[in-house]
Amino acid sequence: MVNMDTNSPDLIPHSQPMLGAAEIKKTAEVIGSGQIAQGRMVAEFETAIADRMGIHSALAVSSGTAALHMTLVAMGIAAGDEVIMPSFVCSALLHAVSYVGAAPVLAEIDPVTYCMDPGDVKNRITARTRAIIVPHIFGRAADLNALLAFGVPLIEDCAQSTGGSYAGRSLGSFGHAAIFSFYATKVMTTGEGGMIVTGSHDLFERLYDLRDYDNKDDYHLRFNYKMTDLQAALGLCQLERLPEFIGRRRQIAAQYNRSLAELPLRLPRESSDHIFYRYVIDAGQDVTPLIETLYNKGVACTRPVYKPLHRFLNLKGYPKTDNAWRNSLSVPLYPALSDRRVDIVCSALIDAFKGK
Ligand SMILES: *Cc1c(COP(=O)(O)O)cnc(C)c1O
């Protein structure tokens, strides 16, 4: 493994947040107000998200993982239940399902879109299946029509697709519930943070109760998964710029697709259902040496998934996921990336493939 010194001034980082004067001003206002924990700003942020997504209710929480955990608890999912999710995703999903004692059931992906393969999901549905967690992975909407047809409650994982859409409608508005993450390098950020949206009034009431342990007359297990007003202030600024962020992401993706078209690679297809949280290339070969070569040329690239979940569980029989993990390369793409740097990344990739 190369030692990734991401603080090197010459290295183009793989991801970076986009923060500015508005964020500084609004967080300073929160500090000046003396109210820094969950308060007015959080409520304002929740309303702004619900309005933008066209969904009835939104509840801000401390992370995407907390959002998943609390949603599973609020849906009454527990030991003896099964939850289907893809193997090709971060381990936050595995943790959330394990927190409630349910059994994770891993599904294969479509090797072109990297989203869950509905045909494989169908084969894994049993009488114990209580939910399917559907990530819109790398910013691309999953095949929601096919997945909704199974009649199993969907939890949309929009952690990589905030502001994305499917067939012209906001992601997050299709499932029984949907979760978002606002970690530092996600589509928009609050440092750490998350959101749950749902059209179900009952589910929302349970979620609202679970988020905070204090000031309750009865005792049952609850959490402290609250967001702070400081985080929400950042979130409000970022949400305002979300269309601009997504526009810039698509612009960079188009630039990559043009410049890299001649290389022996499979490039991601542009579509209105893809916001390019990640620009993932299928290199048709193990990307380990490529990552090192590109790093030495000053470009930080990574595998888009650290390790597929079936490997954590020592499961076999996921050839498409294994192949995607081996061959897929995530190239820097974020709104703060300049045109000049996009050109540098393209030249580095072209040279790497020519063996220069
Ligand atoms: C980041 C991420 C999460 C977890 O969010 P955190 O805020 O880091 O807890 C869940 N699902 C997916 C697909 C993610 O990318």
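Above this text sits the structure in question.
Criteria and thresholds
Residues numbered from 1 in each chain as written. Predicted model: local features only at pLDDT ≥ 70, side-chain atom pairs only at ≥ 80, totals over all residues. Heavy atoms only, no water. Phe/Tyr/Trp six-rings, centres within 6.5 Å; stacked < 30°, edge-to-face > 60°. Helix = DSSP H or I, 4+ residues; strand = E, 2+ residues; numbered from the N terminus. Buried < 20%, exposed > 50% of the residue type's maximum accessible area, 1.4 Å probe, protein only. Patch = residues over 30% accessible without salt bridge, like charges linked within 9 Å, V, L, I, M, F, W, Y side chains within 5 Å. Areas by Shrake-Rupley, 256 points an atom, 1.4 Å probe, with all protein chains shown as cover. Salt bridge = Lys/Arg side-chain N within 4 Å of Asp/Glu carboxyl O. Pairing = 2+ DSSP bridges. Expected span 1.5 Å × (residues − 1). Contact = heavy atoms within 4.5 Å. Near = heavy atom within 4 Å. Polar contact = N/O pair within 3.5 Å; in protein donor to acceptor, adjacent residues only side chain to side chain. Nonpolar A, V, L, I, M, F, W, Y, C, P; charged D, E, K, R; others polar. Axes fitted to C-alpha atoms, helices over the stretch in contact; angles between N-to-C directions. Left-handed = near helix turned anticlockwise from the far one by under 90°.

1. Points about the packing of aromatic side chains
Okay, step 1: Overall, the coordinates contain nine aromatic pairs when judged by the stated rule.
Okay, step 2: Residues Phe 45 and Phe 182 carry aromatic rings whose centres are separated by 5.4 Å and whose planes lie at 55 degrees to one another, so their mutual orientation is tilted. Of this pair, Phe 45 sits in helix α2 (residues 40-53) while Phe 182 is found in the loop between β8 (177-181) and β9 (194-198), placing the two residues 137 residues apart along the sequence. The same class applies to Phe 45 as to Phe 182, namely buried.
Okay, step 3: Measuring from ring centre to ring centre gives 4.8 Å for Tyr 256 and Tyr 279, while their planes differ by 45 degrees; the resulting arrangement is tilted.

2. Focus on a nonpolar patch on the surface
Okay, step 1: A surface patch of nonpolar side chains, amounting to about 240 Å² of accessible area, comprises Phe 312, Leu 313 and Leu 315.
Okay, step 2: The exposure class of Leu 313 is partly exposed, given its relative accessible area of 33%.

3. Topic: the pairing of strand β5 (residues 154-157)
Okay, step 1: Side-chain alternation along β5 places Leu 154 and Glu 156 on one buried face and Ile 155 and Asp 157 on a second face that is also buried.
Okay, step 2: Looking at chain direction, strand β4 (residues 129-135) and β5 are connected through four bridges and run parallel. Bridge pairing in β5 links Pro 135 to Asp 157.

4. Regarding α2
Okay, step 1: With 14 residues, α2 extends 20 Å from end C-alpha to end C-alpha; this agrees with the ideal 20 Å at 1.5 Å per step.
Okay, step 2: Residues of α2 that are buried: Met 41, Val 42, Phe 45, Glu 46, Ile 49, Ala 50 and Met 53.
Okay, step 3: On its buried face, α2 sits against α1 (21-33), β1 (57-61), β7 (169-170), β8, β9 and α8 (229-240).

5. Quick word on the site of the ligand
Okay, step 1: For the ligand, the full set of nearby residues is Ser 63, Gly 64, Thr 65, Cys 90, Ala 92, Leu 93, Asp 157, Ala 159, Gln 160, Ser 181, Lys 186 and Gly 193.
Okay, step 2: The separation between an oxygen atom of the ligand and a polar main-chain atom of Gly 64 is 2.8 Å.
Okay, step 3: One nitrogen or oxygen atom from the side chain of Asp 157 is found 2.7 Å from a nitrogen atom belonging to the ligand.
Okay, step 4: Relative to its free-state accessible area of 380 Å², the ligand is covered by the protein chains to the extent of 88%.
Okay, step 5: Of all the secondary-structure elements, those providing two or more residues to the shell around the ligand are α3 (64-74) and α4 (92-99).
Okay, step 6: Residue composition of the shell around the ligand, by class: four nonpolar, six polar and two charged.

6. Describing the environment of Thr 190
Okay, step 1: Among the structural elements, Thr 190 can be located in the loop between β8 and β9.
Okay, step 2: Distance in space between the C-alpha atoms of Thr 190 and Cys 237 is 9.5 Å, their sequence separation being 47 residues.
Okay, step 3: Among all residues touching Thr 190, those that are not within four sequence positions of it are Phe 45, Phe 182, Met 227, Gln 231, Leu 234 and Gly 235.
Okay, step 4: Engagement of the side chain of Thr 190 in a polar contact is seen with the backbone oxygen of Glu 192, the distance being 2.8 Å.

7. Observations concerning the packing of helix α9 (residues 242-259) against helix α13 (residues 339-354)
Okay, step 1: Packing of α9 against α13 leaves a shortest axis separation of 10 Å and a crossing angle of 35 degrees. In terms of crossing hand, the pair formed by α9 and α13 is right-handed. Between α9 and α13, the residues in contact are Arg 248, Ile 252, Gln 255, Tyr 256 and Ser 259 and Asp 339, Val 342, Asp 343, Val 345, Cys 346 and Ile 350, respectively.

8. A few points about the sheet that holds strand β3 (residues 103-107)
Strand pairing in a sheet relies on backbone hydrogen bonds. The paired strands run either parallel or antiparallel.
Okay, step 1: In spatial order, the strands read β1-β9-β8-β5-β4-β2-β3; together these seven strands make up an open sheet with mixed pairing. On the outer flanks of this sheet lie β1 and β3, each paired with one strand and no other. The mean angle between the axes of side-by-side strands here comes to 20 degrees, regardless of whether they run parallel or antiparallel.
Okay, step 2: In terms of strand pairing, β5 meets β8 through three bridges, oriented parallel. If you follow Ile 155 over to β8, its bridge partner there is Ala 177.
Okay, step 3: Set on the sheet, α3 makes contact with β1, β2 (82-86), β4, β5, β8 and β9; between it and β8 the angle comes to about 160 degrees.
Okay, step 4: Across the sheet, helix α7 (residues 201-210) touches β1, β8 and β9, and the angle it forms with β1 is around 20 degrees.

9. Here we look at the environment of Thr 228
Okay, step 1: Residue placement: Thr 228 occurs in the loop between α7 and α8.
Okay, step 2: Considering only alpha carbons, one finds Thr 228 and Arg 258, 30 residues apart in sequence, at a separation of 42 Å.
Okay, step 3: Not counting chain neighbours up to four residues away, the residues in contact with Thr 228 comprise Ile 36, Ala 37, Gln 38 and Val 42.

10. Concerning the side chain of Ser 181
Okay, step 1: In this structure, Ser 181 sits in strand β8.
Okay, step 2: Assessed through its relative accessible area of 7%, Ser 181 is described here as buried.
Okay, step 3: A polar side-chain atom of Ser 181 sits 3.3 Å from the main-chain amide nitrogen of Tyr 183.
Okay, step 4: Ignoring sequence-local partners within four residues, the contact set of Ser 181 consists of Gly 64, Ala 159, Thr 162, Lys 186, Met 188, Gly 193 and Gly 194.

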